[in-house]
Amino acid sequence: MDFALRPFEATDADWLVTEHARHYAQAEGFDDTFGPLVHSIVADFLNAHDPKAEAGWVAQRGGVRLGSIFCVRLDAATAKLRLFYVMQDARGTGVAQALLDQCLGFARNVGYAGLTLWTHESHAAAGRIYKRNGFTRTHAVPVHSFGVNLVEETWQIAF
């Protein structure tokens, strides 16, 4: 599959929020509190990100968006991966690995000592790609979020 990675733009915001909310409602039964969370993450990025230390990317083929990933500052030494998502039709095509490589490379290049992320155990494919790329699951806790019972996970990698 041919695709390109490009910087996230404000015109991608509605797609990103809508697609996240739609997918997770269908796939995992998330309620309507999830979309506003994604919206707030995107709005925070658009309104206040530091382009020297934070970035977002969209994978695209022929004008069709395939996925996204963001690298934002958690603290001076640690980046946080956010909004990593690949459209169903693009899964298994290398898009996820390319997005993750872009995020990890950026985090290293701007001088972060490591990267952390928050996800759910039900996102098994995400867990596999994190593990394959050297991340370690450092925390897992059962929660009730977005209207469903989940196990929240924290994954980390040091550079």
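Engineer: Requested: an account of the sheet that holds strand β7 (residues 148-158), with residues and values cited.
Structural biologist: On the basis of which strands lie adjacent, the open sheet formed by seven strands has the order β1-β2-β3-β4-β5-β7-β6 and mixed pairing. Each edge of the open sheet is held by one strand with a lone partner, namely β1 (4-7) and β6 (136-145). Each strand axis lies, on average, 25° off the axis of its neighbour in the sheet, ignoring direction. Two elements, strand β2 (residues 55-61) and strand β3 (residues 64-73), share seven bridges in a ladder whose sense is antiparallel. Across the sheet, A59 pairs through a bridge with G67, a residue of β3.

Engineer: How would you explain the pairing of β3 if you had to name every residue and give the values?
Structural biologist: Counting buried positions along β3 gives seven out of 10 residues, so the element sits mostly inside the fold. Count of turn residues in the β2/β3 antiparallel hairpin: two residues, of which G62 carries a positive phi of about 55°. Two strands pair when backbone bridges link them, and β3 and strand β4 (residues 78-86) are joined in this way by six bridges, in the antiparallel orientation. When the sheet's bridge partners are listed, V72 is paired in β4 with K80.

Criteria and cut-off values
- Residues numbered from 1 in each chain as written.
- Predicted model: local features only at pLDDT ≥ 70, side-chain atom pairs only at ≥ 80, totals over all residues.
- Heavy atoms only, no water.
- Pairing = 2+ DSSP bridges.
- Helix = DSSP H or I, 4+ residues; strand = E, 2+ residues; numbered from the N terminus.
- Axes fitted to C-alpha atoms, helices over the stretch in contact; angles between N-to-C directions.
- Buried < 20%, exposed > 50% of the residue type's maximum accessible area, 1.4 Å probe, protein only.

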